Amino acid sequence: MRVSEFWRAVEQEFGEAYGRVVTSDVVLADVGSRSAVDAIAAGVPARRVWEALCAAQDVPVERRHGKGLAEPKD
């Protein structure tokens, strides 16, 4: 997962406004007790941050995979 895909996934799952809040305010133990924003800035892989964020926010497993990917081109 690229960082751009991470941000797309955040917006798709949480919406633009809440996505900004959840990525900056929720402390994720799985990525060193940092926010998603801080973890990304520290170089933690985007997929790992995404999984930690989903786990912390109780996002069902079936909604975690494939999020953030661009729609295929025809």
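No experiment lies behind these values; they were computed from the predicted model shown. (Residues numbered from 1 in each chain as written. Predicted model: local features only at pLDDT ≥ 70, side-chain atom pairs only at ≥ 80, totals over all residues. Heavy atoms only, no water.)

Moving on: the overall build of the chain. Helix and strand counts for the chain stand at 4 helices and 0 strands. Listing every helix and strand of the chain by position from the N terminus yields α-α-α-α. Buried residues in the chain amount to 35% of all 74 residues. Within the chain, residue pairs in contact and separated by at least 24 positions form 52% of the contacts whose partners lie at least 6 positions apart. Accessible area for the chain stands at about 4600 Å²; split by element, carbon and sulfur atoms hold 50% of it. (Helix = DSSP H or I, 4+ residues; strand = E, 2+ residues; numbered from the N terminus. Buried < 20%, exposed > 50% of the residue type's maximum accessible area, 1.4 Å probe, protein only. Contact = heavy atoms within 4.5 Å. Areas by Shrake-Rupley, 256 points an atom, 1.4 Å probe, with all protein chains shown as cover.)

On to the side chain of serine 35. In this structure, serine 35 sits in the loop between helix 2 (16–25) and helix 3 (36–41). By relative accessible area, serine 35 is classed as buried at 7%. Polar side-chain contacts of serine 35 include one of 3.1 Å to the backbone nitrogen of aspartate 38. Excluding residues within four positions of it along the chain, serine 35 makes contact with Thr23, Ser24, Val26 and Leu28. (Polar contact = N/O pair within 3.5 Å; in protein donor to acceptor, adjacent residues only side chain to side chain.)

Time to look at the packing of aromatic side chains. Under the criterion given, the structure shown has 4 aromatic pairs. Aromatic pair phenylalanine 6 and tryptophan 7: ring centres 4.9 Å apart, planes at 80°, arrangement edge-to-face. Taking relative accessible area as the criterion, phenylalanine 6 reaches 0% and is therefore assigned buried. The class for tryptophan 7 is partly exposed, based on a relative accessible area of 35%. Ring geometry for phenylalanine 6 and tryptophan 50: centres 6.4 Å apart, planes at 85°, overall edge-to-face. A residue pair is termed long-range when its members are at least 10 positions apart, and phenylalanine 6 in helix 1 (residues 3–14) and tryptophan 50 in helix 4 (residues 46–56) qualify at 44 residues. Tryptophan 50 carries the same exposure label as phenylalanine 6, and that label is buried. (Phe/Tyr/Trp six-rings, centres within 6.5 Å; stacked < 30°, edge-to-face > 60°.)

Relative to each other, helix 1 and helix 2 sit at 120°, their axes nearing to 7 Å. Where helix 1 crosses over helix 2, the two elements pack in a sense that is right-handed. Residues Phe6, Trp7, Val10, Glu11 and Phe14 of helix 1 pack against Glu16, Tyr18, Gly19, Val22 and Thr23 of helix 2. Here the contact of helix 1 with helix 2 is built from residues that sort into 6 nonpolar, 2 polar and 2 charged. (Axes fitted to C-alpha atoms, helices over the stretch in contact; angles between N-to-C directions. Left-handed = near helix turned anticlockwise from the far one by under 90°. Nonpolar A, V, L, I, M, F, W, Y, C, P; charged D, E, K, R; others polar.)

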